[in-house]
Each structure stands twice: as C-alpha cells, then as structure tokens.
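Spelled out, the chains give:
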Amino acid sequence: MVTCCFLGQSQVYDKDIEKRMNKAVAEIVEANTSVRFLFYGLDADNKASYYDYAFTAVYLAKQANPQKKIFQSIVVEKEKRGSFIAGLCSWRAEVPSFMVDEVLSPPWFQDGHTRSAYEQRIRNWVIERSDYFISYQYDCLCNYRYMTDKNLLTAEKSIVDITTPATSDAIHEKYALLPGQTQAAMELMLEGKTMSEIADALGVIENEAEELLSQGTRTVQEAMAEDEIHPKKGRCAVFALGPECYENLCLFHTTVRYLILHKNVTTYYVYEAYLNSTYQYVLEQALQMCENDGEIIYLNTDLNPVEPPTVPYAGKEFEEIAGAFVYRCVNAFPQGMKLINMFPEYCICNLSFPDSEGIKDTIKGFANLESRNILFCDLAEIFAGDKPWRHTLDKSSKPSSV
C-alpha cells in the first residue's frame with residue numbers, strides 16, 4: 001500500500017482547482033491497487049479550502065474504483081482522538097461519518113511545544129509516511145511557520161504540483177504593496193533563506209524578522225482576498241432515505257450540514273413523500289445556517305413542484321424529534337435517477353435498499369474527471385460496523401494511537 005498526503009494553504013485562487021485535484025487523485029489511484037490518503041488540517045473553518053477539495057476528490061475516487069482499497073484517513077492529535085472518534089460514532093463529527101475510513105494519530109502528546117511547532121511536527125510526521133504529495137503551496141504566499149521542510153521531500157517521494165505559474169506571479173506582484181524591509185524579508189523567504197539568514201541580511205534579530213514575515217503574509221493574503229475562490233451555490237437531490245430512526249437522522253443532519261458549510265449547497269430537491277417527515281424538520285433546521293438563502297423544493301413523481309403544508313415541529317428540539325423513531329421507508333430509486341439527471345451536483349440517498357444496484361453502477365459513471373460531484377449518504381456501510389474507528393473507542397481505557 002502506498003500513502004499520499006496533501007500539502008497546501010487553505011486559500012484557493014484557481015477556478016479549475018477541483019478538476020485538477022480530481023485528476024491528480026485519479027492518476028495516483030489508477031497507478032496503485034491500494035492507497036491511503038492522509039488528511040491533516042480539515043476543519044469547519046476551511047469552508048473553501050484546498051483540503052476539502054482533496055477530501056471530496058478521494059471520496060469520488062473511492063466510489064469510482066470499488067475494486068481497489070482506498071482509505072480516507074484523518075490525522076488528529078492524540079489528545080483529541082478519543083473525542084473525534086466519539087463524534088464519528090454518534091454522527092456528530094464535522095465530516096459525514098461514512099466518508100472517514102481511519103483515524104490516525106502520532107504516538108506522542110504536545111509535551112512542551114508551542115501550538116505552531118506542535119502542528120508543524122504533526123505535518124512532518126504525515127510527510128515522512130507518505131510516498132506521494134499533491135501540492136497546492138504557493139511559496140510566495142505561505143506563512144513561513146507552515147512551509148514544508150524540503151529535506152523531508154526525498155527523491156523517493158513523488159510530488160504532484162497543481163499550482164499555476166500565473167497565480168504565483170499574481171501573488172508575487174502583491175509584494176509591491178509592502179514596506180521596503182517587509183518586502184525584503186518576503187523576498188528572502190521566497191529564495192529559501194533560513195530565519196537566521198533573513199535576520200542577518202536585514203540587520204535585525206530573529207524575532208523581528210519573524211514579525212516582518214507575519215505582517216507581510218497577512219498583507220498579501222488580504223490583497224488576494226478578492227481573488228479567492230469560493231464554492232458556487234450548489235443543488236442537492238434527496239430521495240430514498242429509509243426509516244426515520246435516530247441514527248439515520250443524525251447522519252442525514254451531519255451530511256446536510258457538511259454540504260452547506262463546505263460545499264455551499266443551498267437548494268434541496270426532495271420528493272413529496274418526505275413532506276411532514278422528520279427529515280423535513282432536520283433539513284429545515286440545518287438550512288437556517290444559510291441566512292435566508294436556503295431553499296427546499298418538493299417535487300412529485302413527475303418532477304413538478306408541490307406546496308408543502310405547515311410543518312408541525314416548530315419549537316421542538318432535534319433530539320425530541322429524532323427520538324420519535326417514525327418508520328418511513330420510501331423506495332424511490334427510479335424517481336431518484338430522474339432527479340440526479342436533472343439536478344446533478346449532489347445527492348443524498350441510502351444505498352441499503354435491495355434494488356440499489358442501478359444507483360451503485362451510476363455512481364461509477366458520475367465519479368469521473370469531467371462529471372459530477374455526487375455525494376451519496378450510504379447508511380448501509382455505517383451500520384455494517386466495518387469502519388476501523390468504530391472498534392477503537394474503548395470506554396474502559398484511553399484511546400490507543402495508530
């Protein structure tokens with residue numbers, strides 16, 4: 001098994017980043033029968049981040065290559081690992097549980113390091129274990145504290161660079177906005193000088209050189225803010241969700257929340273069979289994060305809009321509604337196929353139904369370089385209990401590291 005990690009800043013400045021990321025991941029998967037993809041830095045604050053594009057690209061590659069062993073492995077700090085796994089087990093993590101295969105941690109705690117030094121140590125740990133790197137790292141913009149140690153990138157490791165010279169030049173041009181000494185510090189950093197070398201060249205102490213670089217990086221990032229790429233508003237088809245049990249509803253809520261926060265999905269097309277269901281309540285509550293931009297369009301089997309009646313859940317808490325355990329099994333795959341073809345960006349459904357093979361075959365066709373980001377909520381895989389992290393959290397002892 002080979003291992004791949006992702007090097008880059010959170011900010012994205014290239015409109016075709018998604019296409020090039022999907023291509024880079026697909027080429028690595030095509031060349032290997034088993035791949036472990038490591039993710040460190042994926043969190044709710046990076047709503048349009050490079051890391052989230054990478055996370056989605058790997059998930060699509062898994063869907064398109066079920067015959068291969070592809071692992072989405074999230075790296076978390078050892079002291080946070082137990083709470084993160086507990087969140088996955090209860091469907092309360094920031095990312096949908098079905099997208100995570102492993103939770104890995106370095107075998108050490110923070111132990112006397114500063115926060116930035118500790119995070120850099122974990123990044124180095126990830127790099128040392130990787131055979132491939134997909135890099136989206138503009139050196140003229142990177143905060144020096146998070147720049148990759150070039151000594152770790154040996155000849156035996158393969159680097160796939162998805163940056164562009166044009167964007168690098170555009171970032172470098174912003175150096176003209178910096179005061180003379182700050183600009184000089186940034187140029188020296190770009191040349192690969194160490195902190196002590198930068199300080200000596202400028203006639204300052206190292207702490208002052210660090211502050212110059214911090215100021216310069218912030219100014220350039222602010223100047224590039226208008227060029228930062230954010231996800232376009234997306235649409236999602238919702239069908240064949242299955243029984244309204246607590247587990248299904250929690251996973252549905254987590255998936256919708258992930259699509260809203262990370263993918264800017266604000267419009268949901270839902271079959272009228274789910275009117276006045278608990279799923280309707282969960283979706284409406286989640287869409288409150290969209291600040292009045294969220295929209296649910298209910299469709300009949302002919303894909304014509306229908307007006308929803310008043311929802312009888314106002315004022316109730318999610319836990320109370322989800323605890324109702326209402327059983328509603330809407331097996332609507334034929335209509336779901338119509339929805340997917342009509343509204344192609346995202347899809348939430350349950351692949352555990354007996355006649356879901358057609359949908360599974362369709363996934364393979366959609367999950368390719370030039371096609372659609374179909375995100376399926378596959379509850380069957382979760383309930384099967386085959387995720388390694390499900391068996392890791394032992395309440396009688398501290399979580400072990402992997």
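Residues numbered from 1 in each chain as written. Predicted model: local features only at pLDDT ≥ 70, side-chain atom pairs only at ≥ 80, totals over all residues. Heavy atoms only, no water.

Novice: Talk me through the packing of aromatic side chains; I want residue IDs and the actual numbers.
Specialist: When we look at a pair of aromatic rings, we describe it by the centre distance and by the angle of the planes. Tallying each qualifying case throughout the model produces eleven aromatic pairs. An angle of 25° between the planes, with centres 6.1 Å apart, marks the rings of F6 and F37 as stacked. On the criterion of sequence distance, the pair formed by F6 in strand β1 (residues 2–8) and F37 in strand β2 (residues 34–39) is long-range, its members being 31 residues apart. What makes F6 buried here is its relative accessible area of 6%. Centroid distance Y274 to Y279: 5.7 Å. Interplanar angle 90°. Geometry classified as edge-to-face. We classify Y274 as buried; its relative accessible area is 1%. Within the aromatic cluster, the residues linked to one another by ring pairs are F6, F37, F39, Y50, Y51, F55, Y136 and Y138. Above the ring of F71, the side-chain terminus of R36 is found at 5.5 Å from the ring centroid. (Phe/Tyr/Trp six-rings, centres within 6.5 Å; stacked < 30°, edge-to-face > 60°. Helix = DSSP H or I, 4+ residues; strand = E, 2+ residues; numbered from the N terminus. Buried < 20%, exposed > 50% of the residue type's maximum accessible area, 1.4 Å probe, protein only. Lys NZ or Arg CZ within 6 Å of the ring centre and 35° of its normal.)

Novice: Just give me the short version of the sheet that holds β1, but keep the residues and values in it.
Specialist: The strand order β4-β3-β2-β1-β5-β6 describes an open sheet built from six strands, whose pairing is parallel. If you trace the sheet from one side to the other, it starts and ends with β4 (102–104) and β6 (158–161), each paired once. Pairwise comparison of adjacent strand axes, ignoring direction, gives a mean angle of 25° for this sheet. Sheet strands touched by helix α3 (residues 78–89): β3 (69–75) and β4. Its angle to β4, the strand with the most contacts, is close to 170°. (Pairing = 2+ DSSP bridges. Axes fitted to C-alpha atoms, helices over the stretch in contact; angles between N-to-C directions. Contact = heavy atoms within 4.5 Å.)

Novice: How would you summarise helix α1 (residues 17–31) if you had to cite specific residues and measurements?
Specialist: Spanning 15 residues, α1 covers 21 Å between terminal C-alpha atoms, matching the ideal 21 Å at 1.5 Å per step. Where α1 is concerned, the buried positions are I17, R20, M21, N22, A24, V25, I28 and V29. Taken together, the buried residues of α1 touch β1, β2, α2 (50–64), β3, β5 (132–136) and β6. (Expected span 1.5 Å × (residues − 1).)

Novice: Could you give an account of the packing of helix α9 (residues 246–263) against helix α10 (residues 278–286), with specific residues and numbers?
Specialist: Contact geometry for α9 and α10: axes closest at 10 Å, N-to-C directions at 30°. If you check the angle between α9 and α10, you find them roughly parallel. The interaxial crossing formed by α9 with α10 has right-handed handedness. Facing N248, L249, F252, H253, V256 and I260 of α9, the residues of α10 in contact are T278, Y279, V282, L283 and A286. (Parallel < 35°, antiparallel > 145°, perpendicular 65-115°, else oblique. Left-handed = near helix turned anticlockwise from the far one by under 90°.)

Novice: An account of the nonpolar core is needed here, citing residue identities and associated values.
Specialist: Soluble globular proteins tend to pack their nonpolar side chains together in the buried interior. Ranked by internal contacts, the top residues of the largest apolar core, which has 88 residues, are F6, V25, F37, I134 and Y268. The element contributing the most residues to this core is α2, with nine residues. Once you skip the residues sitting within four places of it in the chain, F37 turns out to touch C4, F6, V25, I28, V29, V58, I70, F71, Q72 and S73. Counting 13 residues, the second largest nonpolar core, distinct from the first, contains C5, Y40, V126 and I127. (Core = buried A, V, L, I, M, F, W, Y, C linked by side-chain atoms within 4.5 Å.)

Novice: Run through the packing of α1 against α2, naming residues and quoting values.
Specialist: One way to put it is that α1 packs onto α2 with a least axis distance of 9 Å and a crossing angle of 45°. Viewed along their axes, α1 and α2 adopt a mutual orientation that is oblique. The interaxial crossing formed by α1 with α2 has right-handed handedness. Where α1 abuts α2, its residues I17, E18, M21, N22, V25 and V29 lie against Y50, Y53, A54, A57, V58, L60 and A61.

Novice: Talk me through the sheet that holds strand β10 (residues 305–306); I want residue IDs and the actual numbers.
Specialist: Adjacent strands of a sheet pair through backbone hydrogen bonds, lying either parallel or antiparallel. Sheet architecture is open: five strands sit in the order β10-β9-β8-β7-β11, paired in mixed fashion. In this open sheet, the two strands that pair with only one neighbour each are β10 and β11 (346–348). Bridging between strand β7 (residues 234–238) and β11 involves three bridges; their strand directions are parallel. For A237, the partnering residue across the bridge sits in β11 and is C347. This element, α10, spans β8 (265–271) and β9 (295–299) of the sheet and lies at about 155° to β9.

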